[in-house]
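Structural overview
Each chain is listed here by its residues.
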Amino acid sequence: MIKNYSLLKKSLSVLGMVILGFIFHGILHYEPATIAILGAAVLLIISKEDPHHVLRELEWPTLFFFIGLFIIVGGVIKVGLISSLSESMISLTKPSAENMFVTAITTLWFSAISSAVVDNIPFVASMIPLVVDTAHAVLPSGTDFKSVVQHPTLMPVWWSLALGACLGGNGSPVGASANVITLGLAGKAGYPISFRKFIVYAIPITIETLIVSNIYIWLRYYIFN
């Protein structure tokens, strides 16, 4: 299938540089999107491929879907809806410095349900400051930021957020960027997958993986810790 080994070498070289750019983007003070676009521009220049052909092959419906999705999610975050829901969830669980079991398990399922409705990336971005604020409220005053983030009591909450958002994103076509891209590619290849068909298969698997995650959090941090 590989017919142009020269282009393959150029592509892998640029991809390697882009990945390094992602790793060190904080030090370089560049957004990941800037690094990705720069990599694409460099590859277009050094590959000497026809830009019209390359642009014609892009998944434009998927790109415009993401544009619309992030505009809507950005608006929801801006008006404070996700923050209000998250703050209410945290206040109801009443976390303490000794035990955050209820907070962790609630975070797991709340993150999963929310990530199936909105994209999990902006959801996590909005949840992180709230988890940190909660930790500041329950941990001793004067604790520095690094100690708060890495505090043992907070570890199950971080893992619950990560597992819930990641696995919950599998629950619907719009829950994760990979889902949208896969559906776009499948439709383009002549195998369209409807929203209903996707969730029929996705929801049971998502629930099963979340139950396993729930058991893991319970055993790892509250039974064998």
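Residues numbered from 1 in each chain as written. Predicted model: local features only at pLDDT ≥ 70, side-chain atom pairs only at ≥ 80, totals over all residues. Heavy atoms only, no water.

Focus: the nonpolar core
Residues Phe123, Met127, Val131, Leu154, Val157, Trp158 and Leu161 are the most contacted members of the largest nonpolar core, which totals 25 residues. Only α5 (60–78), α6 (81–93), α7 (101–117), α8 (120–138), α10 (155–168) and α12 (195–222) provide two or more residues apiece to this core. Broken down by element, the residue count for this core peaks at six residues, all from α8. (Core = buried A, V, L, I, M, F, W, Y, C linked by side-chain atoms within 4.5 Å. Buried < 20%, exposed > 50% of the residue type's maximum accessible area, 1.4 Å probe, protein only. Helix = DSSP H or I, 4+ residues; strand = E, 2+ residues; numbered from the N terminus.)

So, the side chain of Ser213
Positionally, Ser213 belongs in helix α12. Taking relative accessible area as the criterion, Ser213 reaches 6% and is therefore assigned buried.

Digging into α12
Between its terminal C-alpha atoms α12 stretches 38 Å, which fits the 40 Å expected from 28 residues at 1.5 Å a residue. At Ala202, α12 is bent by approximately 30 degrees, the largest bend along its length, and proline Pro204 sits one to four residues beyond. Those residues of α12 not exposed but buried are Phe198, Ala202, Thr206, Leu210, Ser213, Asn214, Ile217 and Tyr221. Where α12 is buried, its residues touch α7, α10 and α11 (177–188). (Expected span 1.5 Å × (residues − 1). Bend = angle between axes of the 7 residues up to and from the residue. Contact = heavy atoms within 4.5 Å.)

With respect to the packing of aromatic side chains
The full count for this structure, using the stated rule, is two aromatic pairs. Note on Trp60 and Phe64: the rings are 6.3 Å apart at their centroids and 40 degrees apart in plane angle, and the pair reads as tilted. You can see Trp60 and its partner Phe64 sitting in helix α5, four residues apart, about one turn around the helix. On the basis of relative accessible area, Phe64 is assigned to the exposed category, the value being 56%. (Phe/Tyr/Trp six-rings, centres within 6.5 Å; stacked < 30°, edge-to-face > 60°.)

Some points on the environment of Gly184
Position of Gly184 among the secondary structure elements: in helix α11. As a C-alpha pair, Gly184 and Ser47 span 137 residues in sequence and 26 Å in three-dimensional space. Other than its neighbours up to four places away in sequence, Gly184 contacts Glu59 and Thr62.

Describing a nonpolar patch on the surface
On the surface, Leu12, Leu15, Ile19, Leu20, Ile23, Phe24, Ile27, Leu28 and Tyr30 cluster together into a nonpolar patch covering about 920 Å² of accessible area. When contributions to the nonpolar patch are tallied by element, the ones reaching two or more residues are α1 (5–23) and α2 (25–28). Structurally, Phe24 is set in the loop between α1 and α2. Residue classification places Phe24 among the partly exposed residues on the basis of a relative accessible area of 40%. (Patch = residues over 30% accessible without salt bridge, like charges linked within 9 Å, V, L, I, M, F, W, Y side chains within 5 Å. Areas by Shrake-Rupley, 256 points an atom, 1.4 Å probe, with all protein chains shown as cover. Salt bridge = Lys/Arg side-chain N within 4 Å of Asp/Glu carboxyl O.)

Digging into α1
With 19 residues, α1 should reach 27 Å at 1.5 Å per residue; the first-to-last C-alpha distance of 27 Å fits that figure. Among the residues of α1, those classed as buried are Val14, Val18 and Gly21. Across the axial projection of α1, the buried residues extend over an arc of 50 degrees, all falling on one side. Away from the buried face of α1 by more than 90 degrees, exposed residues Tyr5, Lys9, Leu12 and Ile23 are located. (Arc of directions from axis to C-beta.)

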